[in-house]
Amino acid sequence: MNQIQTIFGGALTKALEQVANSGSINISVADACTVESFIAGWVNTLSAHAKHLRKKGTTLQAPAVFVYVDSVGDFAKLHAGWTRKQTLGASPLDGFSGVLGVGNAPIGCYTSSATLPDMSSFAEELQSNGLQAAPAIALVSETKIIIWANGICSDQHIAVVLNDVTKPVTLTSIDSELSYFDAEFVRDNTTWWKNRTLRCTVENPEAAVQNDLWVYLSTVFREVALVRKEEDSANGRRDLTIYPTTKNPLDHKAILELKTLRDVLTPKELTGKPLTKRSLKENIEWASSGVQQAVAYRDKEKADGAFLCLYDFCAGNVVDVENAVLPIAKEYGVLMRRYWISGSHKESRKHSYPINPPAHGPSI
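For every chain, the first residue of its written sequence is number 1, and the numbers climb from 1 along that sequence. Note on the predicted model: pLDDT of at least 70 is required for a residue's local features to be given, and 80 or more for side-chain atom pairs to be given and counted; whole-chain, interface and lining totals, by contrast, use all residues. Side-chain figures throughout are based on the complete set of non-hydrogen atoms in the structure, without hydrogens or water.

1. Notes on the confidence of the model for the protein chain
Then, number 1: You can read pLDDT as the predictor saying how much it trusts each residue, on a scale of 0 to 100. Mean pLDDT for the protein chain: 85, with 84% of residues reaching 70 or above.
Then, number 2: Contacts: residue pairs with any heavy atoms within 4.5 Å of one another. Taken together, the stretch residues 1-8 has pLDDT below 50 and engages in 23 contacts with residues farther than four places along the chain or on a different chain.

This is how it looks when you write it as structure tokens:
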């Protein structure tokens, strides 16, 4: 039987751990029926349901699991015994115990005819229906969610204890979350590489970084902000825009422009031939264009601030680009940050625990 495949980036697992720590009904959804919106929506609903149970002092009678598929119509044709539940998930007060749902939206799905009593039963049902590689979210108790970003057949999963922590959205807190994203997901990331040894990234590294960072920030700030990606502006398309959703006068609207720095360009196929190099001059020009974009979007959108996030795949963790671009960023009031991606565990250790710390450029 064909497995349902997923395209998650490496940052998703930790990102979802952040979203599951609250129970607000506000969801950051960039596009309908995407993996991101599905996960954000169902984790949101299930965490709110768990909060409702805790408030009532009752327990979850059986787990609830929801799985993403690209085409609900195709799935329904192959699984005639499943029942369409158009409004399931519209309210956190719905009954979820023992439910296995399949869909691609945060409301509505097809459910298995069986009410399943435990996770072993869910695993068997997922396996028998070819869903073992599909993104899955499980509410296993009124205080715990488990998420398999790459399906239950993968080794990666998280178990999250639910709580009601709320994060403010300010330039300072955004900066802090960008630093956390760097420390937890960026430095040792393997999913953004096509070949780490050759320092060859995936074909569109900025899109890969953007998707993972969008998931992370949209979930972290979901109680207080919406995070949108690839929105049109008079000056182009903004990478990420953070919109506060509360009336807190201290909250900030922010623009994030993302640029990747690379030693080589990525070919369609790795054939063993020498890779096309990208010069220091080209990296500096690319990063500098990000300053112009960030400030133009900030001014056009009347945002409170703009970040230029440089994700550096170059060998050596050198600061040449940072030092060249930082004065320009300062001139226009753009908060520039550089985050380096290691090519190996050895490189990462040297970066995290330097014996002779390298000289770093000043920060804003």
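2. Structural notes on the pairing of strand S1 (residues 64-68)
Then, number 1: Counting buried positions along S1 yields 5 of 5 residues, so the element is predominantly enclosed.
Then, number 2: Burial along S1 is two-sided: the face carrying Ala64, Phe66 and Tyr68 and the face carrying Val65 and Val67 are both buried.
Then, number 3: Here a strand pair is declared whenever DSSP counts at least two bridges between the two strands. Numbering goes from the N terminus for both helices and strands, where a helix is a DSSP run of H or I of at least four residues and a strand is a run of E of at least two. Relative to strand S5 (residues 136-141), S1 is paired through 4 bridges, and the arrangement is antiparallel. When the bridges of S5 are listed, Phe66 appears paired with Ile137.
Then, number 4: Relative to strand S3 (residues 100-103), S1 runs parallel, the two sharing 4 bridges. Within the sheet, the bridge partner assigned to Phe66 lies in S3 and is Gly101. Only protein chains enter the accessibility calculation, which uses a 1.4 Å probe. A residue is then buried if its area is under 20% of the maximum for its type, exposed if over 50%, and partly exposed in between.

3. Comments concerning the packing of aromatic side chains
What describes a pair of aromatic rings is the distance from one ring centre to the other and the angle between the planes of the rings.
Then, number 1: Only the six-membered ring of Trp is used, alongside the rings of Phe and Tyr, when aromatic pairs are assigned; centres must lie within 6.5 Å, and planes under 30 degrees apart are stacked while those over 60 apart are edge-to-face, with the rest tilted. As enumerated under the stated definition, the model contains 12 aromatic pairs in all.
Then, number 2: Each ring, one from Trp42 and one from Phe96, has its centre 6.4 Å from the other, and the planes form 90°; the classification is edge-to-face. Here Trp42, found in helix H2 (residues 35-56), pairs with Phe96, found in the loop between strand S2 (83-85) and S3; they are 54 residues apart in sequence, far enough to count as distant.
Then, number 3: On the accessibility criterion, Phe96 (1% relative accessible area) is buried.
Then, number 4: Ring plane angle 35° and centroid distance 6.4 Å describe the contact between Phe181 and Trp192, whose orientation is recorded as tilted. Of the two residues, Phe181 sits in helix H5 (residues 171-186) while Trp192 sits in the loop between H5 and strand S8 (193-195), which places them 11 residues apart along the sequence. Like Trp192, Phe181 is buried.
Then, number 5: A network of ring pairs unites the aromatic residues Tyr180, Phe181, Phe185, Trp192, Trp193, Tyr311, Phe313 and Tyr339 as a single cluster.
Then, number 6: The residue whose ring lies beneath Lys229 is Trp214, and the NZ or CZ to ring-centre distance is 5.1 Å.
Then, number 7: A cation over an aromatic ring shows up here: Lys259 above the ring of Trp286, its NZ or CZ 3.6 Å from the ring centre. Think of it as a cone above the ring: NZ of Lys or CZ of Arg counts as a charge over the ring if it is within 6 Å of the ring centre and within 35 degrees of the ring normal.

4. Quick look at the nonpolar core
Then, number 1: What is meant by a nonpolar core is a set of buried Ala, Val, Leu, Ile, Met, Phe, Trp, Tyr and Cys residues, joined one to another through side-chain atoms within 4.5 Å. Judged by nonpolar contacts, the single largest core of 33 residues is most densely connected at Ile174, Leu178, Leu213, Leu217, Leu256 and Tyr311.
Then, number 2: Of all the secondary-structure elements, those providing two or more residues to this core are H5, helix H6 (205-220), strand S10 (225-233), strand S11 (236-244), strand S12 (254-261), strand S13 (305-312) and strand S14 (335-340).
Then, number 3: The element contributing the most residues to this core is H6, with 8 residues.
Then, number 4: Ignoring any residue separated from it by four or fewer positions in sequence, one finds Ile174 in contact with Val169, Phe221, Ile242, Ala254, Leu256 and Phe307.
Then, number 5: One finds Leu46, Leu60, Leu88 and Leu139 within the second-largest nonpolar core, a separate group that totals 21 residues.

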